[in-house]
Amino acid sequence: MDTIIKSLKFDEKGLIPAVVQDWKDNAVLMVAYMNKEAVKRTLKTKKATFWSRSRQSFWVKGESSGNIQKVKEFYYDCDGDCILIKVQQIGGAACHTGHRSCFFTKVTSAGNTKTVGKKLFDPEKVYKKTK
Ligand SMILES: N=c1c2ncn([C@@H]3O[C@H](COP(=O)(O)OP(=O)(O)OP(=O)(O)O)[C@@H](O)[C@H]3O)c2ncn1[C@@H]1O[C@H](COP(=O)(O)O)[C@@H](O)[C@H]1O
Ligand SMILES: [Mg+2]
Ligand SMILES: [Zn+2]
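The structure presented is a predicted model; accordingly, all values stated were derived computationally and were not measured.

(A) Seen up close, the side chain of lysine 61. When you line up the elements, lysine 61 lands in the loop between strand S4 (57-60) and strand S5 (69-76). Of the buried charged residues, lysine 61 lacks a salt bridge, with glutamate 63 as the closest side chain of opposite charge at 9.2 Å. The residues touching lysine 61, leaving out its near neighbours within four places in the chain, are Met30, Ala48, Phe50, Asn67, Ile68, Gln69, Ala94 and Tyr127.

Okay, here's the thing in structure tokens:
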């Protein structure tokens, strides 16, 4: 565990980005940040755990929606400044908007934006209390 932590480069705020991919079809689901403790918790519990910059707290993805991410594989890149986890996405959708992936806004070649894919759940219903 400590060897892994030492191989990772955390930024000046103690964070490292983590790309989350679906373990079956490699769809890119979301990007979030981990600190050292979030990396440790993710490896130990096999549940994707991040540091939420907006909430300044640990965030076990799915803690309120139930859409947890079971970690199947854990990678870091050549220079240790980015994590890649392959997960089994419980509930099918990673994004809090109800989309499967956070990357549902496509910039077209003409320079416009287009929403890709459909919502798999209604966030109003899944996240009962509003932020
Ligand atoms: N559920 C999500 C969620 N799922 C995916 N993402 C994406 O994960 C990234 C990190 O989100 P955060 O705002 O938590 O953290 P951050 O990026 O460090 O902070 P910001 O600077 O973006 O505000 C963003 O790109 C989001 O699009 C989510 N971001 C926030 N949430 C919120 O997290 C809470 C718990 O949700 P569950 O984990 O699904 O139970 C709810 O309040 C949700 O609204
Ligand atoms: Mg963000
Ligand atoms: Zn999202």
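(B) Seen up close, the sheet that holds strand S1 (residues 16-22). Strand order in the open sheet formed by four strands is S2-S1-S6-S5, with mixed pairing between adjacent strands. Two strands lie at the open edges of the sheet, namely strand S2 (28-34) and S5, each paired on one side alone. Recorded for the sheet is a direction-independent mean angle of 30° between the axes of neighbouring strands. Here helix H2 (residues 36-45) sits on the sheet and contacts S2, S5 and strand S6 (83-89); the angle it forms with S5, its principal contact strand, is near 120°.

About the criteria used
- Residues numbered from 1 in each chain as written.
- Chains lettered and ligands numbered in written order.
- Predicted model: local features only at pLDDT ≥ 70, side-chain atom pairs only at ≥ 80, totals over all residues.
- Heavy atoms only, no water.
- Helix = DSSP H or I, 4+ residues; strand = E, 2+ residues; numbered from the N terminus.
- Buried < 20%, exposed > 50% of the residue type's maximum accessible area, 1.4 Å probe, protein only.
- Lys, Arg positive; Asp, Glu negative; His and termini not counted.
- Salt bridge = Lys/Arg side-chain N within 4 Å of Asp/Glu carboxyl O.
- Contact = heavy atoms within 4.5 Å.
- Pairing = 2+ DSSP bridges.
- Axes fitted to C-alpha atoms, helices over the stretch in contact; angles between N-to-C directions.

Read these as spatial facts, not as claims about activity.
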